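# Understanding the architecture of this molecule
Listed below, chain by chain, are the residues.
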Amino acid sequence: MTTCIASERQDHIIAWFAALAIAIHVLESAIPSPIPGIKIGLANIVTIVVLVQFGWRTAAWVSLLRVLIGSLIIGSFLSPTFILSLGGACASLVVIGVAYTLARHHISAMGYSVLAAIAHILAQFWLAYLLFIPHQALFHLLPILITVAIITGIVNGSLALAVHKRLKLLIQ
Amino acid sequence: MTRADLIIIVIAIAALPLFYWQLWGPNYPGTDVDIIVAGEKPQRHSLLRNQTLHIHGRLGDSIVAIKNGKAAFIGSPCPNKQCIRSGWLDDNGETSACLPNGIMLSVIGDGIARFDSINF
Amino acid sequence: MKNSRIAIFVLMLTALLSLSACSNRDAPPVYRSQILAFGTIVELSLFDVSAAEGDKLSSDIRNMMEAFHHRWHAWENGPLLALNHALSQSGHSRLSADDAALIAQSLTLAKASGGLFHPALGKLIALWGFHSNELPQSPPSKQAIDATLAMLPALDQISVDSNSNEIYNRSGKPVYFDLGGFAKGVIIDRSIEVLRQHGVNNAIVNAGGDLRAIGAAGERPWRIGIRHPRDFGVFASLTIKEDESVFTSGDYERYFEYEGRRYHHIIDPRSGAPADSVASVTVLHHDGATADAAATALFIAGTQQWQRVAKAMGIEHVMIIDKNNKVLITPELAQRMEYEVSPPPIIEIHALP
């Protein structure tokens with residue numbers, strides 16, 4: 001009985017946060033990016049907040065639902081954008097999952113955010129290289145992409161920290 | 001923010017120069033230019049042979065000139081002409097792209113080129 | 001325990017970051033420069049040479065090439081036009097030892113080729129409109145070609161006295177030297193000499209696609225790609241043994257199209273028109289000058305006569321790509337050639353007589 005309630009509650013949490021993430025995801029996709037291929041990835045904030053608040057399993061659900069439903073809404077489902085998005089999300093989840101199991105009590109939203117951003121870009125980069133542009137010259141973009149990933153990771157990290165603080169107050 | 005966060009950020013930033021150094025280390029003059037149309041196999045042209053190419057992209061024809069060992073976009077149907085502004089490329093690894101038209105130029109040289117010299 | 005977790009973590013992050021840092025750069029320390037000289041782009045690849053030294057050598061070679069270009073330019077007012085004028089008017093001229101040796105070498109190669117490489121085709125090439133930086137619009141008339149052919153001096157009527165450095169034209173016809181099918185080879189050979197004098201023994205000099213390579217790129221031999229005569233990219237490739245020149249004559253180098261037909265710049269001295277039988281001829285030989293003249297001569301000789309002409313010119317390694325992309329190749333070169341096209345071409349191996 002308790003498990004049922006718990007899972008129902010968890011479903012609600014997943015649904016709510018996924019909806020929030022999808023909204024951000026869709027909104028962000030409507031804003032033209034200053035540099036092609038570079039996005040702040042505000043929707044990742046939701047994943048990180050859910051991770052620190054509710055754990056990895058919930059975060060994974062939120063993240064994957066966001067990618068799936070978000071792409072259906074934008075109309076990019078199964079397109080290259082979707083594949084890159086999914087690849088990035090999976091890699092982020094794996095990396096933060098490992099970090100979560102190893103050092104849950106040491107890392108805050110900031111650390112996860114930076115790790116997720118780097119994992120995200122590396123996975124997208126490799127996928128782009130392997131699937132779409134198998135060209136050595138692409139490697140010359142990598143330093144820039146990683147630099148941007150670290151910056152967006154820190155920015156999203158501080159936002160996630162702030163959101164998490166308020167959320168904790170709210171829940172209390 | 002915790003100490004572990006700080007360690008993560010510091011390591012990430014510390015590792016960055018490694019990438020820049022590895023990838024933007026010493027440059028060599030290019031020997032060929034790859035013209036990459038989104039979704040197609042790159043077409044390789046020698047930088048030694050002067051020519052003007054019309055490359056069909058999403059919006060229309062981009063005009064690529066190869067002249068005296070350099071390559072550049074000299075005409076483009078895209079609205080902001082960023083590709084033309086990026087100018088002439090001649091070093092290994094230099095790239096220029098017309099993203100609206102889905103066309104990229106990339107100069108290939110040592111370390112990537114399979115040949116030391118091309119006979120024609 | 002906590003510390004070890006952090007350590008694992010640090011390791012993980014480093015591994016993540018270095019994951020894609022492993023792009024392969026096996027570039028040998030080759031100095032490269034591209035210089036504009038001799039009316040073309042000349043590319044120098046010098047192994048294990050400092051940038052300063054390389055720049056100095058590039059500049060020396062450019063100066064040498066520009067001087068040579070001026071000396072032997074076939075249609076701009078200069079020493080060669082003066083020589084042609086003197087030979088046509090008085091039938092005689094005196095040259096420097098260096099120039100006399102060069103003319104003599106071209107005549108020797110011409111005779112060996114049975115006149116297919118002809119160093120005095122200037123008038124005919126001009127008639128076709130190739131004595132200009134712009135390409136011509138249309139071919140000349142049959143009558144004009146025949147008239148020009150009739151005035152072509154026989155090669156055995158032109159001679160060089162190697163003692164007095166005097167050159168004689170006994171044909172009674174005007175002489176128009178045009179060393180186009182040979183000068184590039186000479187200039188490449190001379191560049192190699194300059195490099196060797198400066199202690200550079202591992203290098204490639206590539207002038208507008210024709211090249212001579214000496215030594216190696218360190219531990220590995222120089223790798224040469226031979227461009228596809230009809231398509232983009234490389235058709236075949238080979239590695240260089242010690243000191244070899246690779247010269248290709250092709251119908252795609254300088255040409256114009258008129259009424260759907262292609263007219264290229266390699267003129268057959270027998271017909272007075274562009275030779276028309278193969279797409280390209282690649283010759284591998286020790287010195288560039290011989291390779292250059294031979295590539296021209298074999299291109300004109302075509303599929304029927306190339307073996308005989310190659311033999312007469314002392315050429316052992318030939319690859320011909322005919323108009324259907326079929327390869328005719330000599331046995332030893334066939335062993336060395338790697339084909340870069342798929343499907344691989346049809347290959348016929350022909351031993352020289």
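Residues numbered from 1 in each chain as written. Chains lettered and ligands numbered in written order. Predicted model: local features only at pLDDT ≥ 70, side-chain atom pairs only at ≥ 80, totals over all residues. Heavy atoms only, no water.

## Focus: the overall build of chain B
Quick reminder of the rule: Numbering of helices and strands starts at the N terminus; helices are DSSP runs of H or I of at least 4 residues and strands are runs of E of at least 2. With a 1.4 Å probe rolled over the protein chains alone, any residue whose accessible area is under 20% of its type maximum counts as buried; one over 50% counts as exposed, and the rest are partly exposed. Contact criterion: two residues are considered in contact whenever any of their non-hydrogen atoms come within 4.5 Å of each other. In short, Shrake-Rupley with a 1.4 Å probe defines the accessible areas, and a residue's cover is counted only from the protein chains shown.
Regarding its fold elements, chain B presents 2 helices and 8 strands. Along the chain direction, N to C, the helices and strands of chain B fall in the order α-β-β-β-β-β-α-β-β-β. Classification of the 120 residues of chain B by burial places 53% in the buried group. Across chain B, the fraction of contacts at a sequence separation of at least 24, relative to all contacts at a separation of at least 6, is 36%. Of the roughly 5500 Å² of accessible surface on chain B, 58% is carried by carbon and sulfur atoms.

## Quick look at the confidence of the model for chain C
Quick note on the threshold: The pLDDT score gives, residue by residue, the confidence of the prediction method on a 0 to 100 scale.
Per-residue pLDDT for chain C averages 89, and the proportion of residues at 70 or more is 92%. Below a pLDDT of 50 lies the segment residues 15–27 of chain C, which in the model reaches 33 contacts outside its immediate sequence neighbourhood of four places, other chains included.

## Details of the sheet that holds strand E1 (residues 30–37) of chain C
All names here are of chain C. Inclusion rule: Any two strands with at least two DSSP-identified bridges between them are counted as paired. In this analysis, axes come from line fits to C-alpha atoms, helices being fitted only over the stretch in contact, and the angle between any two N-to-C directions falls in the range 0 to 180 degrees.
Spatially, 9 strands are ordered E1-E2-E6-E7-E10-E13-E14-E15-E17 in an open sheet, and the strand pairing comes out mixed. Each of the sheet's edge strands pairs with one partner strand only, and the pair in question is E1 and strand E17 (347–349). Pairwise comparison of adjacent strand axes, ignoring direction, gives a mean angle of 15° for this sheet. Judged from the 5 bridges that link them, strand E6 (residues 203–207) and strand E7 (residues 210–214) form a sheet pairing that is antiparallel. By the bridge assignment for E7, Ala207 is matched with Asp210. Running over the sheet, helix H7 (residues 180–197) touches strand E2 (40–47), E6, E7 and strand E10 (243–250) and is turned about 25° from E7.

## Describing empty space enclosed by the protein
Residues and elements named next belong to chain A. Test applied: The rule is simple: put a 1 Å grid over the protein atoms alone, call a set of points where a 1.4 Å probe fits but cannot get out a cavity, call an open set with protein on both sides within 12 Å along at least five of seven lines a pocket, and count a residue as lining if it has an atom within 4 Å of a point. Grid points are joined across faces, edges and corners, and a volume is the space filled by probe spheres set on the points. Each residue gets one label: Ala, Val, Leu, Ile, Met, Phe, Trp, Tyr, Cys and Pro are nonpolar, Asp, Glu, Lys and Arg are charged, and the others, such as Gly, are polar.
Under the criterion given, the structure shown has 3 cavities of 30 Å³ or more. By volume, the second largest cavity amounts to about 70 Å³. Lining the second largest cavity we find Asn44, Thr47, Ile48, Ser63, Arg66, Ala89, Ser92, Leu93, Ile96, Ala116 and His120. Elements with a contribution of two residues or more to the lining of the second largest cavity: helix H2 (43–54), helix H3 (56–74), helix H4 (80–103) and helix H5 (109–132). A per-element tally of the lining of the second largest cavity places H4 first, with 4 residues. Partitioned by chemical class, the residues of the lining of the second largest cavity number 5 nonpolar, 5 polar and 1 charged.

## Concerning the state of the cysteines
Residues and elements named next belong to chain B. The following threshold applies: Two cysteine sulfur atoms form a disulfide, by the criterion used here, when they sit within 2.5 Å.
Scanning the model with the defined rule gives 0 disulfides over all chains in all. Lacking any disulfide linkage, Cys98 is separated from the closest cysteine sulfur, that of Cys78, by 3.5 Å. We classify Cys98 as buried; its relative accessible area is 1%.

## Notes on H2 of chain A
Residue and element names in this part refer to chain A. Stated formally: What a helix should span is 1.5 Å times the count of its residues minus one.
Compared with an ideal rise of 1.5 Å per residue, which puts 12 residues at 16 Å, H2 spans 17 Å between its outermost C-alpha atoms and is within 8% of the ideal. All buried positions along H2 are accounted for by Ala43, Ile45, Val46, Thr47, Ile48, Val49, Val50 and Leu51. Gly55 occupies a position one or two residues after H2 and carries a positive phi of about 100°.

## A short note on the packing of aromatic side chains
When we look at a pair of aromatic rings, we describe it by the centre distance and by the angle of the planes. Stated precisely, the cut-off is as follows: Classification of ring pairs uses Phe, Tyr and Trp, with its six-membered ring standing for Trp, and accepts pairs whose centres are within 6.5 Å; under 30 degrees between planes counts as stacked, over 60 as edge-to-face, and the remaining range as tilted.
Applying the stated criterion to the full structure yields 10 aromatic pairs over all chains. Judged by centre distance (6.1 Å) and plane angle (45°), the ring pair of Tyr100 of chain A and Tyr112 of chain A falls under tilted. Highlighted residues: Tyr100 of chain A in helix H4 and Tyr112 of chain A in helix H5, separated in sequence by 12 residues. Overall, Tyr100 of chain A belongs to the buried group, its relative accessible area being 14%. Residues Trp128 of chain C and Tyr263 of chain C carry aromatic rings whose centres are separated by 5.7 Å and whose planes lie at 35° to one another, so their mutual orientation is tilted. Here Trp128 of chain C, found in the loop between helix H5 (122–127) and helix H6 (142–150), pairs with Tyr263 of chain C, found in strand E12 (residues 261–264); they are 135 residues apart in sequence, far enough to count as distant. Exposure remark for Trp128 of chain C: the relative accessible area of 2% places this residue in the buried category. Three or more aromatic residues joined by ring pairs make a cluster, and in this case those are Trp128, Phe130, Phe256 and Tyr263 of chain C.

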